[in-house]
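# Residue-level structural notes
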Amino acid sequence: MRRAHAADDLPSQTRRACSQCRRLKSRCEGGPPCRECVHRKVFCSLDASDRTNRRDSVRHLLDRVPELSDTESPRPERRDQHFIDLYFERFHPHWSFVHRGSFNLSRETPLLAQSMMVIGLWASGERKAQRAALDLHRTLDSAIHQQREVWDALHASNSDASSSACSWPIPTYQAILLHIIFSIMQKGGSSVGFDLKLSLPPADEQLLHSLVASCKRLGMFYYPNMLARVDPETIATLAWVSIEEVKRFDLALYRVHKLLSRTDDDHNVAETSRGGLTASDLQFPMPSNNRLWNAKGREEWIPAIMEDASLDTLDGTKREEWICNSAELIDLFV
C-alpha cells in the first residue's frame, strides 16, 4: 500500500533547488520558501523566470496606462519614474517614511518600488491608471502573503528572529505598510463602520498585526537598536538617514495602527496586553531636521547639513527625549 511522504521523507533527488540557491550555489532543502531564503529574507522561487514573469506581469499592467503626454512611446523606465514622481509629489508629504533624496528606482527592492507605483498610479487620478493600480495591488498582495515566512518574524525560528538590527528588512516592511495604507485609501467611505471607525478586510488587518508584531520582535522600536545598525565608520549624514528612516517608518506604522483603533483608555490597555502598538512602545526620539529629510538634491542637502550640528552626536544617552516618556504629546505630531 502506498503512503504519502512527509516533506522530510522525500528522497533528496526529488527536491528541486530554488533559483536563489542555484544562483548562489548553496545547498537547498526545497520550498518555496526554503530555509536559506527565509534566513536571507529574500523571495524564494523554484523557477528562475518567476522574478522576470512577475516583472513582466507588472509591465503588462502598466501597459494599460495612457501614454505620457510628452511622448508618443515612453520607455518603461521613464513611465515608471513618472508614477514614482507622483508618489513623492502627492503622497509623500503626508506619509514621509521613504527617503526621497537617496531613492533610486533602478536600485530599489522591487516590492517597495512597485508598492510606491501603486500609489503613484492611483494619485494620477486617471481611470485606467487607477484600474492598473488595483490590479497591481492584488498582484503584490498575493506575493506578500505567499512569501510570509520571508518577512514575518513570528514565523521564523528564534535564531532567525533575533533582534539583530542588521537583519531588519526595512524596504520590505515599508512596502507592506504602503500596501496596507493603499487598502484603506482605495476603499474610501466603504472602509468606515457604523461607529465611524476605519476598518480593513480581515486579511489586511492580520497583515497589519503581523507587521507590528514582527517589528516589535526585531526590536525596531528601540533607539539603541537603530544606532546599532550603523557602522561607526559611516559618514554622519548617511548614518542619520538610516536612523531617521526607521524612526519615520515606526511613527507611520503607529499612526496607521491608531487610525484603525479606538482611542479610549480601556482599548489602549487591551492593545498592550495583546501585543498591539501604543505610544509607550516608541522608545526613540522624535524625527529631526525635516529640511534635511526632504532635501531633493545636493543644492538643498548641503545647507541643511550645515545648520544641524546634532548629526555628529547620534547616541542614545538622552532617554528623556524618547517619545515613550511623553506619550501624551505624540498625538500632536502624528
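The structure presented is a predicted model; accordingly, all values stated were derived computationally and were not measured.

## Looking at helix H6 (residues 127-146)
For H6, with 20 residues, the first-to-last C-alpha span of 29 Å sits near the 28 Å given by 1.5 Å per residue. Residues of H6 that are buried: Ala129, Ala132, Ala133, Asp135, Leu136, His137, Leu140, Ala143 and Ile144.

## Details of the packing of helix H4 (residues 76-91) against helix H5 (residues 110-123)
Between H4 and H5, the shortest axis-to-axis distance is 7 Å and the interhelical angle comes to 75 degrees. Comparing their axes, H5 and H4 come out roughly perpendicular. Taking contact as the criterion, the partners of Asp80, Phe83, Ile84, Leu86, Tyr87, Phe88, Arg90 and Phe91 in H4 are, on H5, Ala113, Met116, Met117, Ile119, Gly120, Leu121 and Ala123. Grouping the amino acids of the contact of H4 with H5 by side-chain chemistry returns 12 nonpolar, 1 polar and 2 charged.

## Details of the packing of helix H9 (residues 202-217) against helix H11 (residues 236-259)
Running from N to C, H9 and H11 point in directions that differ by 140 degrees, and their axes come no closer than 11 Å. Here H9 is positioned oblique relative to H11, judged by the angle of their axes. Every pair of crossing elements has a handedness; the one defined by H9 and H11 is left-handed. Residues Leu208, His209, Leu211, Val212 and Cys215 of H9 form the contact with H11, whose own contacting residues are Phe249, Leu253, Val256 and His257.

## Focus on H11
Residues three or four positions apart in an α-helix share a direction because the helix packs 3.6 residues into each turn. Here H11 spans 34 Å end to end across 24 residues, near enough to the 34 Å set by a 1.5 Å rise per residue. Summarising burial for H11: 18 of the 24 residues are buried, a large majority.

## A few points about the packing of aromatic side chains
In the structure shown here, the tally under the stated rule is 8 aromatic pairs. With a centroid separation of 5.6 Å and 70 degrees between ring planes, the pair formed by phenylalanine 88 and phenylalanine 103 is classed as edge-to-face. Taken together, the positions of phenylalanine 88 in helix H4 and phenylalanine 103 in the loop between H4 and H5 put the pair 15 residues apart, joining distant regions of the chain. The buried category is assigned to phenylalanine 88, whose relative accessible area is 4%. Arranged with centres 5.3 Å apart and planes meeting at 85 degrees, the rings of tryptophan 122 and phenylalanine 182 form a pair that is edge-to-face. Of this pair, tryptophan 122 sits in helix H5 while phenylalanine 182 sits in helix H8 (residues 170-187); the two residues are 60 residues apart in sequence, bridging distant segments of the chain. In this structure phenylalanine 182 comes out as buried when scored by relative accessible area, which is 1%. Clustering of aromatic rings is evident, with ring pairs tying together Tyr87, Phe88, Phe91 and Phe103.

## A few points about the confidence of the model for the protein chain
Do not read the fine detail of predicted coordinates wherever pLDDT is low. For the protein chain, per-residue confidence averages 75 on the pLDDT scale, and 64% of positions sit at 70 or higher. No element of the protein chain has a lower mean pLDDT than helix H12 (residues 265-273), which averages 45, and none a higher one than H5, which averages 94. Low pLDDT (under 50) marks residues 1-14, which in the prediction has 5 contacts with non-local residues, meaning those over four places away or in another chain.

## A look at the pattern of salt bridges
Think of it this way: side chains of opposite charge can pair up when their charged atoms draw near. Tallied over the entire structure, the rule returns 5 salt bridges. For arginine 248, the salt bridge identified is with glutamate 244, shortest N-O distance 3.2 Å. Of this pair, arginine 248 and glutamate 244 both sit in helix H11, separated by 4 residues, roughly a single helical turn. Through salt bridges with shared partners, a single network forms among Glu244, Lys247 and Arg248.

## A look at the environment of isoleucine 84
Within the secondary structure, isoleucine 84 sits in helix H4. Note on isoleucine 84: relative accessible area 0%, which makes it buried. Sequence-wise, isoleucine 84 and leucine 105 are 21 residues apart; in three dimensions their C-alpha atoms are separated by 8.1 Å. Among all residues touching isoleucine 84, those that are not within four sequence positions of it are Phe103, Leu105, Ala113, Met116 and Met117.

Each value, and the rule that gives it
- Residues numbered from 1 in each chain as written.
- Predicted model: local features only at pLDDT ≥ 70, side-chain atom pairs only at ≥ 80, totals over all residues.
- Heavy atoms only, no water.
- Helix = DSSP H or I, 4+ residues; strand = E, 2+ residues; numbered from the N terminus.
- Expected span 1.5 Å × (residues − 1).
- Buried < 20%, exposed > 50% of the residue type's maximum accessible area, 1.4 Å probe, protein only.
- Axes fitted to C-alpha atoms, helices over the stretch in contact; angles between N-to-C directions.
- Parallel < 35°, antiparallel > 145°, perpendicular 65-115°, else oblique.
- Contact = heavy atoms within 4.5 Å.
- Nonpolar A, V, L, I, M, F, W, Y, C, P; charged D, E, K, R; others polar.
- Left-handed = near helix turned anticlockwise from the far one by under 90°.
- Phe/Tyr/Trp six-rings, centres within 6.5 Å; stacked < 30°, edge-to-face > 60°.
- pLDDT = per-residue confidence, 0-100.
- Salt bridge = Lys/Arg side-chain N within 4 Å of Asp/Glu carboxyl O.

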